[in-house]
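What the coordinates show
Here's the letter readout for the chains.
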Amino acid sequence: MDLRTPNPMHHRCAPQDAWSTVNTRENYPGVMSPLGATLWLPVSDLAVNGTFHDFGVLPASEIRIAANPGQATSAVFFGRYTANLNYFRRMCDLMPGTSGAVFEEQIFGTVRTDAPDYSSRRRYPVIAVKAPLLVARLPRRIRRMSARLSGWWRWATSPAGLARPAGVQLRQARLMLEYAMREHVSGTLVAQAVFDKLGGLAERAGEPGLHLELSSGLGQMVEVELVAALHRVARGELGLNGFLADYGFRCAGEVEMSNPSWRERPELVERLVRKYRTAPEAPDRAERREADRRAARHRLLSALSPADRALARILLRVAAVFIPLREEGKAALARAFDGARAASHARSRELVAAGVLDAEDDMFYLTFEEITGTPPADAKGLVAARRELRAAYEKIDVPDFWLGNPEPVTPAARPEERADRLTGIAAASGVVQGPARVVHDADGCDELEPGEILVCRATDPSWASAFHLAAGVVIDIGSASSHGAIVAREMGLPCVINTGRGTAALRTGDLLRVDGTLGEVTVLTRVEGT
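Description of the structure in this document.

So, how was this worked out
- Residues numbered from 1 in each chain as written.
- Predicted model: local features only at pLDDT ≥ 70, side-chain atom pairs only at ≥ 80, totals over all residues.
- Heavy atoms only, no water.
- Helix = DSSP H or I, 4+ residues; strand = E, 2+ residues; numbered from the N terminus.
- Buried < 20%, exposed > 50% of the residue type's maximum accessible area, 1.4 Å probe, protein only.
- Contact = heavy atoms within 4.5 Å.
- Areas by Shrake-Rupley, 256 points an atom, 1.4 Å probe, with all protein chains shown as cover.
- Lys, Arg positive; Asp, Glu negative; His and termini not counted.
- Charge placed at Lys NZ, Arg CZ, Asp CG, Glu CD.
- Salt bridge = Lys/Arg side-chain N within 4 Å of Asp/Glu carboxyl O.
- Pairing = 2+ DSSP bridges.
- Axes fitted to C-alpha atoms, helices over the stretch in contact; angles between N-to-C directions.
- Parallel < 35°, antiparallel > 145°, perpendicular 65-115°, else oblique.
- Left-handed = near helix turned anticlockwise from the far one by under 90°.
- Nonpolar A, V, L, I, M, F, W, Y, C, P; charged D, E, K, R; others polar.

What to know about the overall build of the protein
Along the backbone of the protein there are 18 helices and 12 strands. Reported as C-alpha extents along the three principal axes, the dimensions of the protein are approximately 70 × 60 × 50 Å. Of all 530 residues assigned to the protein, the portion counted as buried reaches 56%. Of all intrachain contacts in the protein linking residues separated by at least 6 positions in sequence, the fraction that spans at least 24 positions is 70%. Accessible area for the protein stands at about 21700 Å²; split by element, carbon and sulfur atoms hold 54% of it. Computed over 65 positive and 64 negative side-chain charges, the inter-centroid distance for the protein is 6 Å.

Quick look at the environment of A228
Locating A228 in the fold gives a position in helix α9 (residues 222–234). For A228, a relative accessible area of 38% puts it in the partly exposed group. The spatial distance from the C-alpha of A228 to the C-alpha of L357 is 42 Å, given a sequence separation of 129 residues.

Observations regarding the pattern of salt bridges
Overall, the coordinates contain 36 salt bridges when judged by the stated rule. The partner of R204 in a salt bridge is D308, with the nearest N and O atoms 3.0 Å apart. Of the two residues, R204 sits in helix α7 (residues 166–204) while D308 sits in helix α13 (residues 306–353), which places them 104 residues apart along the sequence. The exposure class of R204 is exposed, given its relative accessible area of 53%. Its relative accessible area of 18% is what places D308 among the buried residues. Among the ionic pairs, R526 bridges to D420, the shortest N-O distance being 3.2 Å.

Topic: the sheet that holds strand β4 (residues 401–403)
Taken in spatial order, the four strands line up as β2-β3-β1-β4 in an open sheet, and their pairing is antiparallel. Single-partner strands in this sheet number two, and they are β2 (74–77) and β4. Taken over all neighbouring pairs, the strand axes of this sheet differ in orientation by 35 degrees on average, direction set aside. Along the sheet, helix α2 (residues 34–54) contacts β2 and β3 (80–84); its crossing angle with β2, the most-contacted strand, is approximately 155 degrees. Packing of helix α3 (residues 85–93) onto the sheet brings it into contact with β1 (18–20), β3 and β4, and relative to β3 it is tilted by some 35 degrees.

With respect to the sheet that holds strand β10 (residues 495–497)
The eight strands are arranged β5-β12-β11-β7-β8-β9-β10-β6 in an open sheet whose pairing can be described as mixed. Either end of the sheet is taken by a strand with one partner, and the two such strands are β5 (421–423) and β6 (425–428). Ignoring strand direction, the axes of neighbouring strands in this sheet form an average angle of 30 degrees. One ladder, built from three bridges, connects β5 with strand β12 (residues 520–525); its direction is antiparallel. The partner of R421 across the bridge, within β12, is T522. Contacts from helix α17 (residues 483–491) reach β6, β9 (472–475) and β10, with the element oriented near 45 degrees to β6.

Describing the pairing of β2
The alternating pattern of β2 places S74 and V76 and A75 and F77 on opposite faces, both of which are buried. Two strands pair when backbone bridges link them, and β2 and β3 are joined in this way by four bridges, in the antiparallel orientation. Looking across to β3, one finds that F77 is bridged to R80. Once β2 ends, the chain turns through two residues before running back antiparallel as β3, passing F78 with a positive phi of about 50 degrees.

Examining the packing of helix α5 (residues 124–156) against α13
Axis separation between α5 and α13 bottoms out at 9 Å; the angle between their running directions is 30 degrees. For the element pair α5 / α13, the angle class is roughly parallel. Remark: the crossing between α5 and α13 carries left-handed chirality. Between α5 and α13, the residues in contact are V135, L138, P139, I142, R143, M145, S146, L149, S150, W152, W153 and A156 and V321, F322, L325, E328, G329, A332, R335, A336, D338, G339, A340 and A342, respectively. Tallied by class, residues from the contact of α5 with α13 come to 16 nonpolar, four polar and four charged.

Here's what the structure looks like:
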């Protein structure tokens, strides 16, 4: 089978193009479907270019879908969603107060001395006018977008919304997805900048890592509200239908169209509820986290100079707004995807009725253009070939970083390494001991038992419901500002992230000591026979 010929799940690029999956695996850990890739990648170009235009970095003429992967924000190689490092390096080189090199190292963990330099001050006057206005207006814009997406999702997935022509549903869903993504990326950029600045102030105050405490205990986190709602269902205070009316858009791998949402498979929620009913009552950590944050604030301000103290107060106020909004934006984006998921099923039913497809899930193997326009004459053959191709891509992987076109990696060929100690990034403070539960995908969260240490490759928002059952978290990929780290801090769970190989080096049943303050994981006792 030819895995390298360009197709909706695999692109080709120029030798100088630089790519990374370090950050994208958290958002899209598996293999993209043809429908998922051809919906998401153009939307990403429009939304991210639109975001940088809103900040003044790009002119309006650059809000467009890229002509080739080298100009795009992201691409897909052997089915894996991948970020274009040169694109983001260029954007940061054009902005004051940062650089592409700094951004690439902080977000993607790569250092390139021979990378292109896009530095220019030409847009600085425009940025000086547009960026402050955007930041001032952004909280209201994100909240308005979130409310609009919430109402739209309820309508789009209702019988009345699904009765509309499927083509109308799909086109509207794509517009809503772009809208949600553009506002969310804007909020994420501000939240990341504030988080990094707080980290710098903590270093200057002689308190490295204090920004982790400063950015937690803020309340209003949508994942914490989800966990509280699940508790209400488990206690009989909220019915399942009422829960799904608010959270039915959630699922494992929320940005992949072929993954069923809780709205479509309520039994996934029922399994979670059964776990919650049998779990011991967890202490309410909210008050403690807020007290820890206030104490950290006092320590920071006490150790800074008067000038730095004034800056810190501003940053702390901004962080209290934008860090929770980042997760609210992600939830809105998930609603947009689920609306698109519902619309694609409506179109699939039409194609099955017309004899174009054999089954509803065949539509995931057509492109967005193929299901919104005239379907290909050989649709059934195309679906079969792409199914086989996607299955082949699921057996291979790509590196974390590369230049040009990647060479696939066979996971089975990687040596299985055992380790007595792992180090990573200290992402959520605290120390805990408990047995490991190695989970390779969100479906495996069903196996997590209360009090176990969750060990995983990466997380997305759908994992938050499992965090409540865990005593601590160890994550292979990510940074202190990744989703898993943010939720762990808010839930008071010690977390070590970016270990690189925790899922390969640890086994379910290993007794672990997780130090989220130092970023260390120690195996106290290995499980028998390994």
